[in-house]
Amino acid sequence: MYTASWRDVIRPDLFGTTPVRRDRPYRFVIRACLVVFRLFGFRFDVRGSEHVPTSGGAIICSNHVSFFDFTFLGLGALPQHRLVRFMAKSAVFDHWFAGRFMRAMQHIPVDRKAGAAAFDLAVRALKDGEVVGVFPEATISTSFTVKDLKAGAPRMAVQAGVPIIPAAVWGGHRVATKGHKVELRRGVPVTVILGEPIVPEAGEKPQALLRRTRAAMEEVLDEAQRSYPDQPAGPDDRWWQPAHLGGTAPTPQAAATDDAIRASGKEAKAPKKTPAARLKALAGRLRK
């Protein structure tokens, strides 16, 4: 297990001997993340970093279970002194604060209603030798299993002639994920696994490459889940485990149904609490 140290935060060679000047904002953000990781004592188990090429383009395809997956996944490429350009929804780039950093870090905005522009930007980045990070499930998986994947990553790999690196992130959802309140607890283990590169074969169709990618992602995610060092503390703590491992997370079928309802806009929304109710809840927490 690796726990970020204050020495890591200030290491001059953290990004190699000749880091690119334009990536100074990205390097600043990574050091800031290491500070947060140190303060909260996250314990990382990072495996397979050697599968990230030291130069040239590659696509990292990962599952998606928490709001912070991209920060954890980036640690997998750091030993190779590579920075990952993540594809993220365009709304993040429109945010008054986060948007500035997303653009400065050369991440790639994705407008789901007009995805061709993002596809072209990603292919160009790959041909320029960048590592591009993709969450091909498009949204967080509430079943904590691999959902149906979008075909964009295999199409990019075929067009740019680069390998796909299947990846899994596990543990961060215990801190922050969809449908559960954020719990900034200390000492949470986070597992990051990068699998062997999948190289597109001559004449291989994107759909065939997609099937190989999904199978590899499921394999590394299963490894991450079964080797995870923590177990639920009790019946009420089984929510973060998938159903097939005895957890109380929704089954993939139930999660897919919920996603469809949410996408249609028919999801029942909880009424907003009044100021008085919020003050009452805060007073209750303070009394504990």
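Relevant structure appears above.
Residues numbered from 1 in each chain as written. Predicted model: local features only at pLDDT ≥ 70, side-chain atom pairs only at ≥ 80, totals over all residues. Heavy atoms only, no water.

### A closer look at the sheet that holds strand β2 (residues 58-62)
What the 7 strands build is an open sheet, ordered β1-β7-β6-β2-β5-β3-β4; its pairing is mixed. Whereas interior strands pair on both sides, the edge strands pair on one side only; in this sheet they are β1 (43-47) and β4 (108-110). Averaged over all adjacent pairs, the angle separating strand axes in this sheet is 20°, with direction ignored. Pairing between strand β3 (residues 84-89) and strand β5 (residues 131-134): 3 bridges, direction parallel. Within β5, the residue paired with Val84 across the bridge is Val131. Relative to the sheet, helix α3 (residues 69-77) contacts β1, β2, β3, β6 (164-170) and β7 (189-194), its axis offset from that of β7 by approximately 55°. Contacts between helix α7 (residues 152-160) and the sheet are confined to β2, β3, β5 and β6, with β2 contributing the most and set at about 165° to the helix. (Pairing = 2+ DSSP bridges. Helix = DSSP H or I, 4+ residues; strand = E, 2+ residues; numbered from the N terminus. Axes fitted to C-alpha atoms, helices over the stretch in contact; angles between N-to-C directions. Contact = heavy atoms within 4.5 Å.)

### Concerning the packing of α7 against helix α8 (residues 206-226)
The N-to-C vectors of α7 and α8 enclose an angle of 120°; their axes lie 8 Å apart at closest approach. As the angle between them shows, α7 and α8 are arranged oblique. Taken as a pair, α7 and α8 cross one another with a handedness that is right-handed. Across from Pro154, Arg155, Ala157 and Val158 in α7, the residues of α8 making contact are Pro206, Leu209 and Leu210. The class makeup of the residues in the contact of α7 with α8 is 6 nonpolar, no polar and 1 charged. (Parallel < 35°, antiparallel > 145°, perpendicular 65-115°, else oblique. Left-handed = near helix turned anticlockwise from the far one by under 90°. Nonpolar A, V, L, I, M, F, W, Y, C, P; charged D, E, K, R; others polar.)

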